[in-house]
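# Inside the fold
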Amino acid sequence: MRDDARAVVIGGGVGGCSILYHLAKLGWKEVVLVEQYGLTHGSTWHSAGLVGQLRSTVSLTKMMQYSVGLYADLARETGKDPGWHELGGLRLASSQERYEEIQRQAGWAKSFGLPIEIVSPADAKELFPPMSTDGVVAAAFLPQDGYLDPSQLTFALADGARLLGAEIEQRTRVLDVIVEGGRCRGVVTDKGTIRADVVVNAGGMYAPQIGRMAGVGVPIIPYAHEFLVTEAFDPPLAPLPTLRDPDRLVYFRTEVGGLIMGGYERDPAPWALDGVPDGFEAQLLPEDWERFDELLTNAIERVPAMEAAEVRKLYNGPEAFTPDGEFILGESDVPGFWVAAGFCAHGLAGAGGMGWQMAEWIVNGEPSLDLWHMDSRRFGRQYRSQAFALARATEIYATYYNIKYPNHEREAGRPLRLSPAYDRVAALGAVFGEKSGWERPNWFEPNAAAGDEGLRPRGWAGQHWSPAIHAEAVATRERAGLFDESSFAKIEVTGLGAAAFLQRMCANDVDRAVGSITYTQMLNSRGGIECDFTVTRLGADRYRIVTGTAFGNHDLGWIRKHAPDDGSVQVADVTSAWACLGLWGPRARDILQPLTKSDLSHEAFRYMTARDISVGNVPCLAARVTYVGELGWELYCPAEYGAGLWDLLWSAGSEHGMLACGYRAIDALRVEKGYRVWGADITPEDSPDEAGLGFAVKPEKGADFLGRDALLSARAAAPERRLACLVLADPRAVCLGQEPVRVAGEITGRVTSGGYGFAVGESIAYAYVPAASSEVGTAVEVEVFGEWVAAEIAAEPLWDPDGKRIRS
């Protein structure tokens, strides 16, 4: 066994073999995979093997599509059949709500470029003859779906990696991960030490144990997952498309003339919470027919022949789940130690795409797709608690087949992170949502009496909605709204090198006067938007970054990754140290001025500046900035003053008609003002010019910055697409994101975000469209739940286009 390598991959399942193959394919020859047992002998070997390509995000769907293409290539490259059967896949809708879901999914597929067809119950039965059509409303058929043999795929990937020069060491157990000087430097195995600057933890259900060797928490919980295999039917079944009936929690695929049937029960069984026992090689757990009974009953309802089918075997094998049901990918807080684990129910389907993206990430320093929703950095410190991770993962497993309505809220593990004003807003009737563990008011239900129920959007957009959202948005536009924004992530960058470092990282010019606020992006090497936030200069060597609640860990990781290690720059997460209350609206100055001796006039306190003031007895940093498009301030105070600051503002605002407002009002207000959302409207795959944010880029600022060359090259060629503001003809047809957009009958883009603008009285959506079709006035159409709705590209922003209100 070699004693040094460019990279060591730990784990010989399908994920580890895919990463090894793709690293070798990118030219890394000195790479080695170590596996304590034999290949596939963890959980890969007992996977049911279904491959469904359509997912809820374009990045994950692209990964699935890449995987399917790879399987054919592997057979040609290695001469080894990966066991891929492209027979299509059916997803049944056995309720009206589920029919709406597959209509929405069909829209996603169109916008992702994935073939899909909505078929009748009779057509579904023709494709899968054993099924009963009782209760079936319709079905989605994806002709490029199918199933494969998990072991054959793994061996094909392993052979492909070997042919490219990679090495595989089986029966080699990792005893420790070497961490020196704060970064990973290799592994110690029972056959010797391998020095390497890159170590990938692809240990599956063993990933938490491997992570602990490097001091890294990996929030994964193994669950006992069951499926049965029947003997051949009489007559034997021909190979058929896969079949999923989510309303009955079950799935099917053909296997040697019979069927494989499994599902996701409501009472999941976590396993090995104290660690996978030694010697658990290619083993199963005891059969649990009692737990499987609900799924079997449901399966017989859908495929009556199952009742008389002879069971060959009931498989009960552990499968690793994450607290949000997504992969855990990327570099950890320990540089050089990477994680690729938690493949949940779609690991086999996406193994090829996962390996492709991980290899790109390792070799190039960043992936080519937006992987934030899979990024290991998305989990906060609360997930170091196994109890919290267990509660969240159990909810994910138990609700795997539930319809996920937009804005639905997770319930497990709550409440956890509470702002200083939590008790105050709870007493006012807040309906809470959760983001990164924080309890945040979505709206205040007592405000519903002042709202208009007639504005409830049609269909799914009207779920998890209240007239209070309307009332709060109107109050902010006409009078004032008070928002608890303490959950916003706050990052401080300090030190003698802080200014020069941020100039190298930010596309805008942040080397401005103390007290200035700069809206900027940080770009990746391709010129894509990696971060989107404001930077406030608090001193010559001190800056504060404020970013979205969900993106704090991402942005913190990106900044730390690029920070110099010479001690000239310090980067700290100060989110929990500061409460933040947002006060916005035409009467914001009237409310705040009597509480402070500081002059809040426009002449004395300009837009996009910040200064220290006292509000009553509370010391605050007042930042004149807005995410709702109105006059106002964000007031930051030490956390222990937060409740008192709320009391002061609440008392002062009562005579001005101010309302306590929630985050759903913020979203309605920002969409009509044209403010972008990172992760939806703007991602690492989108450039500032494409997104309409070129004004925030200063290539001439006198300092080079990451992504500058790529941005200028793209600018010279002119963007091929642009983010456009669409106004729908039907105001009650509200977009939720991912809806296909067509121009002149041709699908050209997809909606990134949407909502109803209460002040402008319009249904608004944002979508990337070809630059040639982005002119104001261009007629477009948006498919909303199967119906093409007319829309028009509008000049933006729709609200206060001259910006007079925010500068008043």
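Anything mentioned here points back to the structure above.
Heads up: these notes are all about the structure in this document. (Residues numbered from 1 in each chain as written. Predicted model: local features only at pLDDT ≥ 70, side-chain atom pairs only at ≥ 80, totals over all residues. Heavy atoms only, no water.)

### What to know about the overall build of the chain
Assigned secondary structure in the chain consists of 17 helices and 38 strands. For 808 residues, the compact-globule estimate of 2.2 N^0.38 gives 28 Å, and the chain sits close to it at 27 Å. Principal-axis analysis of the C-alpha atoms places the extent of the chain at approximately 85 × 60 × 55 Å. Expressed as a percentage of its 808 residues, the buried residues of the chain come to 60%. (Helix = DSSP H or I, 4+ residues; strand = E, 2+ residues; numbered from the N terminus. Rg over C-alpha atoms; globule rule 2.2 N^0.38 Å. Buried < 20%, exposed > 50% of the residue type's maximum accessible area, 1.4 Å probe, protein only.)

### Focus: the pairing of strand E26 (residues 542–547)
Burial analysis of E26 places five of its six residues in the buried class, the great majority of the element. Bridge count between strand E23 (residues 489–494) and E26: six bridges; the pairing is antiparallel. Of the residues in E26, the one forming a bridge with Val493 is Tyr543. Summarising the sheet, strand E25 (residues 529–539) and E26 pair through five bridges and their orientation is antiparallel. If you follow Gly539 over to E26, its bridge partner there is Arg542. Taking the residues between adjacent antiparallel strands as the criterion, E25 and E26 are bridged by two residues. (Pairing = 2+ DSSP bridges.)

### Quick look at unusual backbone geometry
A cis amide bond links Arg414 to the next residue, Pro415, at an omega of -10 degrees. In this structure, Pro415 sits in the loop between helix H9 (386–398) and helix H10 (422–427). Glu796 connects to Pro797 through a cis peptide bond whose omega is 0 degrees. Positive phi is not limited to glycine here, since His464 has a value of about 50 degrees. On the basis of relative accessible area, His464 is assigned to the partly exposed category, the value being 34%.

### Overview of the sheet that holds strand E10 (residues 183–189)
Judged by pairing direction, the sheet is antiparallel, and its three strands sit side by side in the order E9-E10-E11 without closing on themselves. At either margin of the open sheet sits one strand with a lone partner, and together these are strand E9 (174–180) and strand E11 (192–195). Averaged over neighbouring strand pairs, the angle between their axes works out to 25 degrees when direction is ignored. In terms of strand pairing, E9 meets E10 through six bridges, oriented antiparallel. (Axes fitted to C-alpha atoms, helices over the stretch in contact; angles between N-to-C directions.)

### Focus on the sheet that holds strand E5 (residues 117–119)
In space, the eight strands of this open sheet follow the order E5-E6-E4-E14-E15-E16-E13-E17, with mixed pairing throughout. Of all the strands in the sheet, the pair left with one neighbour each is E5 and strand E17 (311–321). Looking at each pair of strands side by side, their axes are set apart by 25 degrees on average, direction ignored. With five bridges connecting them, strand E4 (residues 89–93) and strand E6 (residues 138–142) associate as antiparallel partners. Residue Leu92 lies in a different strand from E6, and its bridge partner there is Ala139. Taken strand by strand, H9 contacts strand E13 (221–230), strand E16 (258–263) and E17, and its axis lies near 30 degrees from that of E13. (Contact = heavy atoms within 4.5 Å.)

### Points about the pairing of E23
With respect to burial, E23 is a largely interior element, five of its six residues being buried. Note that E23 and strand E27 (residues 570–573) share four bridges and pair antiparallel. Looking at E27, one finds that Val493 is bridged to Val571.

### Quick look at the packing of helix H1 (residues 14–25) against helix H5 (residues 150–163)
At a minimum axis separation of 8 Å, H1 and H5 run at an interaxial angle of 25 degrees. The orientation of H1 relative to H5 falls into the category roughly parallel. Relative to H5, the crossing made by H1 is left-handed. Of the residues in H5, those touching H1 at Val14, Cys17, Ser18, Leu20, Tyr21 and Ala24 are Leu153, Thr154, Leu157, Ala158, Gly160 and Ala161. Among the residues making up the contact of H1 with H5, the classes are represented as nine nonpolar, three polar and no charged. (Parallel < 35°, antiparallel > 145°, perpendicular 65-115°, else oblique. Left-handed = near helix turned anticlockwise from the far one by under 90°. Nonpolar A, V, L, I, M, F, W, Y, C, P; charged D, E, K, R; others polar.)

### Brief notes about the pattern of salt bridges
In total, this model carries 47 salt bridges according to the counting rule given. We note a salt bridge from Arg526 to Glu366, for which the minimum N-O separation is 3.2 Å. Taken together, the residues Arg526 in the loop between strand E24 (517–523) and E25 and Glu366 in the loop between helix H8 (347–364) and H9 connect sequence positions 160 residues apart. Judged by its relative accessible area of 10%, Glu366 is buried. Between Arg458 and Asp730 there is a salt bridge, with the nearest N and O atoms lying 2.8 Å from each other. (Salt bridge = Lys/Arg side-chain N within 4 Å of Asp/Glu carboxyl O.)

### Thoughts on the side chain of Arg537
Relative to the assigned elements, Arg537 resides in strand E25. When its relative accessible area of 9% is taken as the criterion, Arg537 is described as buried. Among residues more than four places away in sequence, those in contact with Arg537 are Ala499, Val510, Asp511, Arg512, Ala513, Val514, Gly515, Ser516, Arg542 and Tyr543.

### With respect to the side chain of Asn524
Here Asn524 is to be found in the loop between E24 and E25. Reaching out from Asn524, the side chain makes a polar contact with the backbone nitrogen of Arg526 at a distance of 3.0 Å. At 2.8 Å, the side chain of Asn524 and the backbone nitrogen of Gly528 are in polar contact. (Polar contact = N/O pair within 3.5 Å; in protein donor to acceptor, adjacent residues only side chain to side chain.)

### Here we look at the environment of Ala140
Within the element layout of this structure, Ala140 appears in strand E6. As a C-alpha pair, Ala140 and Glu35 span 105 residues in sequence and 40 Å in three-dimensional space. Contacts of Ala140, omitting those with residues within four sequence positions, involve Gly89, Leu90, Arg91, Ile102, Ile116, Glu117 and Ile118.

### Notes on the nonpolar core
Counting 50 residues, the largest nonpolar core has Ile19, Leu23, Met63, Val200, Leu329, Met354 and Met358 as the members making the most contacts within it. Those elements that place two or more of their residues in this core are strand E1 (7–10), H1, strand E2 (31–35), helix H2 (58–78), H5, strand E19 (337–341) and H8. Of the residues forming this core, the biggest block, nine residues, is contributed by H8. Filtering out sequence-adjacent residues up to four positions away, Leu23 remains in contact with Ala7, Val9, Trp28, Val31, Ala359, Ile362 and Val363. (Core = buried A, V, L, I, M, F, W, Y, C linked by side-chain atoms within 4.5 Å.)

### Description of a negative patch on the surface
A cluster of acidic side chains, namely Asp267, Glu290, Asp293 and Glu294, defines a negative patch on the protein surface. Take Asp267: it is sitting in the loop between E16 and helix H7 (289–302). (Patch = residues over 30% accessible without salt bridge, like charges linked within 9 Å, V, L, I, M, F, W, Y side chains within 5 Å. Areas by Shrake-Rupley, 256 points an atom, 1.4 Å probe, with all protein chains shown as cover. Lys, Arg positive; Asp, Glu negative; His and termini not counted. Charge placed at Lys NZ, Arg CZ, Asp CG, Glu CD.)

### A look at H7
Taking 1.5 Å per residue, 14 residues should reach 20 Å; H7 reaches 19 Å between its end C-alpha atoms and fits that length. Residue Leu295 marks the point of greatest curvature in H7, where the axis turns by about 30 degrees. Taken together, the buried positions of H7 are occupied by Arg291, Phe292, Leu295, Asn298, Ala299 and Arg302. (Expected span 1.5 Å × (residues − 1). Bend = angle between axes of the 7 residues up to and from the residue.)

### Quick word on empty space enclosed by the protein
Tallying each qualifying case throughout the model produces three cavities of 30 Å³ or more. Reported here for the largest cavity is a volume of approximately 60 Å³. Taken together, Ile517, Thr534, Thr536, Arg544, Val546, Leu621, Ala623, Val625, Glu634 and Tyr636 make up the full set of residues lining the largest cavity. Residue assignment for the lining of the largest cavity shows that the elements contributing at least two residues are E25, E26, strand E30 (618–623) and strand E31 (632–638). The class makeup of the residues in the lining of the largest cavity is six nonpolar, two polar and two charged. (1 Å grid on protein atoms, 1.4 Å probe; cavity = no way out; pocket = protein on both sides within 12 Å on 5 of 7 lines; lining within 4 Å. Points joined across faces, edges and corners; volume = space filled by probe spheres on them.)

### Quick word on the packing of aromatic side chains
According to the stated counting rule, one finds 32 aromatic pairs in the structure shown. Between Tyr66 and Trp356 the ring centres are 4.5 Å apart and the planes differ by 20 degrees, which places this aromatic pair in the stacked class. Taken together, the positions of Tyr66 in helix H2 and Trp356 in helix H8 put the pair 290 residues apart, joining distant regions of the chain. Centre to centre, the rings of Phe128 and Phe252 are 6.3 Å apart; their planes meet at 50 degrees, and the pair counts as tilted. Of this pair, Phe128 sits in the loop between helix H4 (121–127) and E6 while Phe252 is found in strand E15 (residues 250–255), placing the two residues 124 residues apart along the sequence. Judged by relative accessible area, Phe128 falls into the buried class, the value being 0%. Taking relative accessible area as the criterion, Phe252 reaches 0% and is therefore assigned buried. Feature note: the residues Tyr223, Tyr251, Tyr264, Phe321, Tyr397, Tyr400 and Tyr401 constitute an aromatic cluster, connected by ring pairs. One cation-aromatic arrangement involves Arg544 over Tyr636; the distance from NZ or CZ to the ring centre is 5.8 Å. The ring of Trp788 carries the charged tip of Arg742 above its face, separated from the ring centre by 3.9 Å. (Phe/Tyr/Trp six-rings, centres within 6.5 Å; stacked < 30°, edge-to-face > 60°. Lys NZ or Arg CZ within 6 Å of the ring centre and 35° of its normal.)

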